[in-house]
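# Tertiary structure, described
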Amino acid sequence: RTTRSVRLTEAGQRLADQARPAFDQIAQSVAQVRDLAGAPRGLIRLTAPVALARQQLVPRLAEFLRHHPEVRIELNLSDRLSSLATEGFDLAIRHTAHPPDTHVAWTLCATRSVLVASRAYLRRHGTPKHPSDLVDHNCLHYPRSQDNPAWTLEPREARLGERVTVQVRGSLAANNSEALRDAALDGLGIALLPDFSAQAALKAGKLVEVLPGWTPVGSFAD
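Residues numbered from 1 in each chain as written. Predicted model: local features only at pLDDT ≥ 70, side-chain atom pairs only at ≥ 80, totals over all residues. Heavy atoms only, no water.

## Points about the environment of Arg60
As a reminder of what qualifies: We count a stretch as a helix when DSSP gives it H or I for four or more residues in a row; a strand needs E for two or more, and each element gets its number in order from the N terminus. Here a polar contact is taken to be a pair of N or O atoms separated by no more than 3.5 Å, where protein atoms must pair a possible hydrogen donor with a possible acceptor and residues adjacent in sequence count only if both atoms sit in side chains.
Positionally, Arg60 belongs in helix α2 (residues 50-67). For Arg60, the side chain forms a polar contact with the main-chain oxygen of Gln56, separated by 2.5 Å.

## Considering the nonpolar core
Formally: To define a nonpolar core, start from buried Ala, Val, Leu, Ile, Met, Phe, Trp, Tyr and Cys residues and group those joined through side-chain atoms within 4.5 Å. Only protein chains enter the accessibility calculation, which uses a 1.4 Å probe. A residue is then buried if its area is under 20% of the maximum for its type, exposed if over 50%, and partly exposed in between. By definition in these notes, contact holds between two residues if any of their heavy atoms fall within 4.5 Å.
Counting residues in each nonpolar core, the largest one holds 17 residues, and the members touching the most others are Leu115, Leu134, Trp151, Leu153, Ile190, Val210 and Leu211. Contributing elements (two or more residues each) for this core: β4 (113-117), α4 (119-125), β6 (150-155), β7 (164-167), β8 (190-194) and β9 (208-210). Beyond its immediate stretch of four places on either side in the chain, Leu134 contacts Leu115, Pro128, Cys139, Trp151, Leu153, Val166, Ile190 and Leu211. Residues Val114, Ala183, Leu193 and Ala201 belong to the second largest nonpolar core, which totals 13 residues.

## Remarks on the sheet that holds β8
The cut-off we apply is this: Two strands pair under a simple rule: DSSP has to find at least two bridges between them.
Here 4 strands make up an open sheet; going across it, the order is β5-β8-β4-β9 and the pairing mixed. Looking at the sheet topology across the chains shown, the edges are occupied by β5 (139-140) and β9. Across 2 bridges, β5 lies against β8 in parallel orientation. Within β8, the residue paired with Leu140 across the bridge is Ala191.

## A look at unusual backbone geometry
Phi at Leu211 is positive, roughly 55°, even though this residue is not glycine. Inspection of the secondary structure assignment puts Leu211 in the loop between β9 and β10 (214-217).

## Some points on the pattern of salt bridges
Pairs can form between side chains of opposite charge once their charged atoms are near each other. Inclusion rule: In the sections that follow, a salt bridge refers to a side-chain nitrogen of Lys or Arg positioned within 4 Å of a carboxyl oxygen of Asp or Glu.
Within the structure shown, the criterion is met by 6 salt bridges. In this structure, Arg156 and Glu209 form a salt bridge, with 3.2 Å as the shortest nitrogen-oxygen distance. Here Arg156 is found in the loop between β6 and β7, whereas its partner Glu209 is found in strand β9, with 53 residues between them in sequence. Each of the salt bridges in this network shares a partner with another, and the network as a whole consists of Arg112, Arg156 and Glu209.

Now the structure itself:
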């Protein structure tokens with residue numbers, strides 16, 4: 001070493017020569033990873049509720065895959081709450097206000113639960129004015145673990161009262177909102193649905209919202 005230059009010793013040169021292939025391999029690996037990160041590619045295993053996937057997700061997949069030709073999607077349609085960790089899913093779409101603390105979650109859109117019925121059913125059986133009136137109606141619901149299903153509703157305005165839980169009964173329980181919607185369209189009873197399954201029928205006037213001043217809460221765990 002002088003005041004103007006630095007030169008490796010013989011031992012230093014030997015170490016540099018021996019280490020160079022390893023550093024070249026590291027640089028090559030970093031470059032390959034950077035190339036992979038530049039454009040989306042690979043397999044995405046995704047699970048989503050049946051109705052939401054059919055109505056909102058599937059119609060958008062073709063355009064997404066055309067824009068990202070290196071991406072492959074394996075889509076699992078199920079209303080069962082799947083485990084990302086044990087079942088190998090990369091992503092899950094759920095209709096819930098309280099995602100598990102063990103998961104990283106992003107809000108895709110705002111949704112809510114609604115009570116709906118056909119006009120024909122309401123003409124035959126009357127229109128509920130208060131959640132407690134639901135005990136006298138055929139309530140189409142999701143099957144849950146409890147023997148006595150219950151719906152909880154809270155008022156949208158404080159003047160209407162406090163949160164109410166009602167034990168409901170009905171001739172049909174199904175773990176798919178489209179099945180419950182179709183039963184309501186046929187005039188079978190009052191159905192509790194996520195809004196994305198009911199919105200088209202509501203807009204067309206084929207279904208009407210029941211108890212619009214009240215909001216169902218805790219209806220869908222998935």
